[in-house]
Amino acid sequence: MMHNSIESYIQKTDYCRFPSPCYILEERLLRRNLSLIRDVATEAGVEIILAFKAYALWKTFPIFREYISHTTASSVWEARLAFEEFGSPAHTYSPAYTEENFPEILRCSGHITFNSLCQFERFYPMAKGKASCGIRVNPEYSEIETAIYNPCAPGSRFGVLADDLPDKLPEGIEGFHCHCHCEDDSYTLERTLAHLEDKFSRWFPQIKWLNLGGGHLMTRRDYDTRHLIGLLRALRQRYPWLKVILEPGSAFAWQTGPLLSQVVDVVENHGIRTAILNVSFACHMPDCLEMPYQPAVRGAQSLPLSAADDAAAGHGVVDDADGRGYIYRLGGNSCLSGDFLGSWRFDHQLQVGEYILFEDMIHYTTVKTHTFNGVAHPAIAFFREDGSIDILREYAYEDYKNRMD
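Cut-offs used in this document
Residues numbered from 1 in each chain as written. Predicted model: local features only at pLDDT ≥ 70, side-chain atom pairs only at ≥ 80, totals over all residues. Heavy atoms only, no water. Salt bridge = Lys/Arg side-chain N within 4 Å of Asp/Glu carboxyl O. Buried < 20%, exposed > 50% of the residue type's maximum accessible area, 1.4 Å probe, protein only. Phe/Tyr/Trp six-rings, centres within 6.5 Å; stacked < 30°, edge-to-face > 60°. Pairing = 2+ DSSP bridges. Helix = DSSP H or I, 4+ residues; strand = E, 2+ residues; numbered from the N terminus. Contact = heavy atoms within 4.5 Å. Axes fitted to C-alpha atoms, helices over the stretch in contact; angles between N-to-C directions. Patch = residues over 30% accessible without salt bridge, like charges linked within 9 Å, V, L, I, M, F, W, Y side chains within 5 Å. Areas by Shrake-Rupley, 256 points an atom, 1.4 Å probe, with all protein chains shown as cover. Expected span 1.5 Å × (residues − 1). Arc of directions from axis to C-beta. Polar contact = N/O pair within 3.5 Å; in protein donor to acceptor, adjacent residues only side chain to side chain. Disulfide = S-S within 2.5 Å. Parallel < 35°, antiparallel > 145°, perpendicular 65-115°, else oblique. Left-handed = near helix turned anticlockwise from the far one by under 90°. Nonpolar A, V, L, I, M, F, W, Y, C, P; charged D, E, K, R; others polar.

### Quick word on the pattern of salt bridges
Reasoning step 1: All told, the structure shown has 27 salt bridges when counted by the stated rule.
Reasoning step 2: As a salt-bridge pair, E268 and R273 come within 3.8 Å of each other at their nearest N and O atoms.
Reasoning step 3: You can call E268 exposed: its relative accessible area is 52%.
Reasoning step 4: By relative accessible area, which is 13% here, R273 ends up buried.

### Focus: the packing of aromatic side chains
Reasoning step 1: Applying the stated criterion to the full structure yields 22 aromatic pairs.
Reasoning step 2: Plain terms: the ring middles of F114 and F120 are 5.7 Å apart, the flat faces sit at 80° to each other, and that makes the pair edge-to-face.
Reasoning step 3: Classification of F114 as buried rests on a relative accessible area of 0%.
Reasoning step 4: Take F120: its relative accessible area is 3%, and that puts it in the buried class.
Reasoning step 5: Three or more aromatic residues link up through ring pairs in this structure, and these residues are F52, Y55, F61, F64, F86 and F252.

### Remarks on the sheet that holds strand β9 (residues 209-211)
Reasoning step 1: Ordered in space as β2-β10-β9-β8-β7-β6-β5-β4-β3, the nine strands form an open sheet in which the pairing is parallel. One side of each edge strand has no neighbouring strand; the edge strands of this open sheet are β2 (47-48) and β3 (50-51).
Reasoning step 2: Sheet strands in contact with helix α3 (residues 76-86) are β4 (71-73), β5 (90-93) and β6 (109-114), and its direction is about 150° off that of β4.
Reasoning step 3: On the sheet, helix α5 (residues 117-127) packs against β6, β7 (132-136) and β8 (173-177) and is oriented at approximately 175° with respect to β7.

### Quick notes on a nonpolar patch on the surface
Reasoning step 1: A cluster of nonpolar side chains, namely L289, L336 and F372, defines an oily patch on the protein surface of about 240 Å² accessible area.
Reasoning step 2: By the element assignment, F372 lies in the loop between β16 (355-358) and β17 (379-383).

### As for α3
Reasoning step 1: All buried positions along α3 are accounted for by V76, E78, A79, L81, A82 and F86.
Reasoning step 2: Taken together, the buried residues of α3 touch α2 (61-64), β4, β5, α4 (102-108) and β6.
Reasoning step 3: Positive backbone phi, approximately 90°, marks G87, located one or two places after α3.

### Some points on helix α6 (residues 186-200)
Reasoning step 1: Spanning 15 residues, α6 covers 20 Å between terminal C-alpha atoms, matching the ideal 21 Å at 1.5 Å per step.
Reasoning step 2: Of all the residues in α6, the buried ones are S186, T188, L189, T192, L193, L196, E197 and F200. The arc that holds every buried residue of α6, seen down its axis, measures 160°, which confines them to one face.
Reasoning step 3: Buried positions along α6 lie against β8, β9 and α7 (225-238).
Reasoning step 4: Sitting at the head of α6, D185 places a side-chain oxygen 3.1 Å from the backbone nitrogen of Y187.

### Quick look at the state of the cysteines
Between two cysteines, a covalent bond joining their sulfur atoms is known as a disulfide.
Reasoning step 1: Applying the stated criterion to the full structure yields zero disulfides.
Reasoning step 2: Counting only cysteine sulfurs, C118 is the nearest neighbor of C133, a cysteine outside any disulfide, at a range of 15 Å.
Reasoning step 3: Free of any disulfide, C152 has its nearest neighbouring cysteine sulfur in C180, separated by 4.6 Å.
Reasoning step 4: Judged by relative accessible area, C152 falls into the buried class, the value being 10%.

### Structural notes on the environment of H363
Reasoning step 1: Structurally, the position occupied by H363 is in the loop between β16 and β17.
Reasoning step 2: The class of H363 is buried, set by a relative accessible area of 6%.
Reasoning step 3: When the C-alpha positions of H363 and F52 are compared, they lie 9.7 Å apart, and in sequence the two are 311 residues distant.
Reasoning step 4: Looking at H363, its side chain comes within polar contact range of the side chain of D360, at 3.2 Å.

### Observations concerning the packing of α6 against α7
Reasoning step 1: Where α6 contacts α7, the two axes come as close as 9 Å, and the packing angle between them is 20°. Taken together, the axis directions place α6 and α7 in an arrangement best described as roughly parallel. Seen along the crossing, α6 lies across α7 with a hand that is left-handed. Between α6, through S186, Y187, L189, E190, L193 and E197, and α7, the contact on the second element is made entirely by H227, L228, L231, L232, L235 and R238.
Reasoning step 2: Here the residues of the contact of α6 with α7 are counted per class, giving seven nonpolar, two polar and three charged.

### Re the environment of C283
Reasoning step 1: As for its placement among the helices and strands, C283 is situated in helix α9 (residues 281-284).
Reasoning step 2: According to the relative accessible area criterion, C283 is buried, its value standing at 0%.
Reasoning step 3: Sequence separation between C283 and E174 is 109 residues; the distance between their C-alpha atoms is 40 Å.
Reasoning step 4: Ignoring anything within four residues of it in the chain, the contact list for C283 reads K368, T369, H370, F372 and V375.

What follows is the structure, encoded as structure tokens:
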């Protein structure tokens, strides 16, 4: 059996109990993450809230409310979800508000962050006395290597530069919001804070709260939570009047469940063997193509993305006689030519109907699926601690059709 480092309580005998395809959220793993996050918040004396952009399965909110009190939103619909389903006003940030959407955002929000001074001046008269308002700042520093995820790249549309802030903040700005991380560790945050404080700390006496955004992957196994707690405690000691807020998304749902799929065909072309699945990278796992990154597959060994080039050179179809197994690309079921990823080594030949599980597929997947090509969304299931299963949602033709109304 190939190496698998992702913890899971789902066994092979459970696979047939789920619809296929299906995102499977595991309650035991979710609660473990929530418990760790709550402990970090308590020990550090900060508030950690859930970012809907990574996770918004509202039927699980009763569990989340056992551990956290607030969420963060980036749109009208997310703000409504926070207010109406999570049961507390949202911490809302959007790159741009409009006259049409701002009244509803204001109704559903307790904190509102503006992306520019122009937006603040335009909408603060409506928000005055109804929400705590802040401004997003850009420290001009980020260690994110993937360009499309870097909000601090030169020319970024996100946040106000220090050079563009007046010495005295406009009346009504009570907080700063800074977001420049993506699945980073606490040492990255330490370096970021140095830049943030160097550029913006002179305004800290004028504000009440500091939101350090998301991307703090504190539930990853190698994350140094003690260092994070020490870092946040020291920050609060330097600025004891500031309420410090973190709003990760991935950390809450990190390694909490797989995407279950099945092989529907196996094809071969120029020495490259592809297993076509009943899921799509483009529709169901878009970050795999956008980042790109290669997810773990249960019972298989991930090979470098360049392995596909080796396969094209005649080394892709490995005979079991050499004892190394069988290499496959995995292909999606949309008509997009690039809807594939690979390669993975299996210890046997894949068969039609065989289950393929992509690990760690709850964050940034359930919120980003779409119906290009009329490809259906996978179902969403909740695997309870007691082994029972709740089907949170299954999708039908009407879900696709109604999007076109």
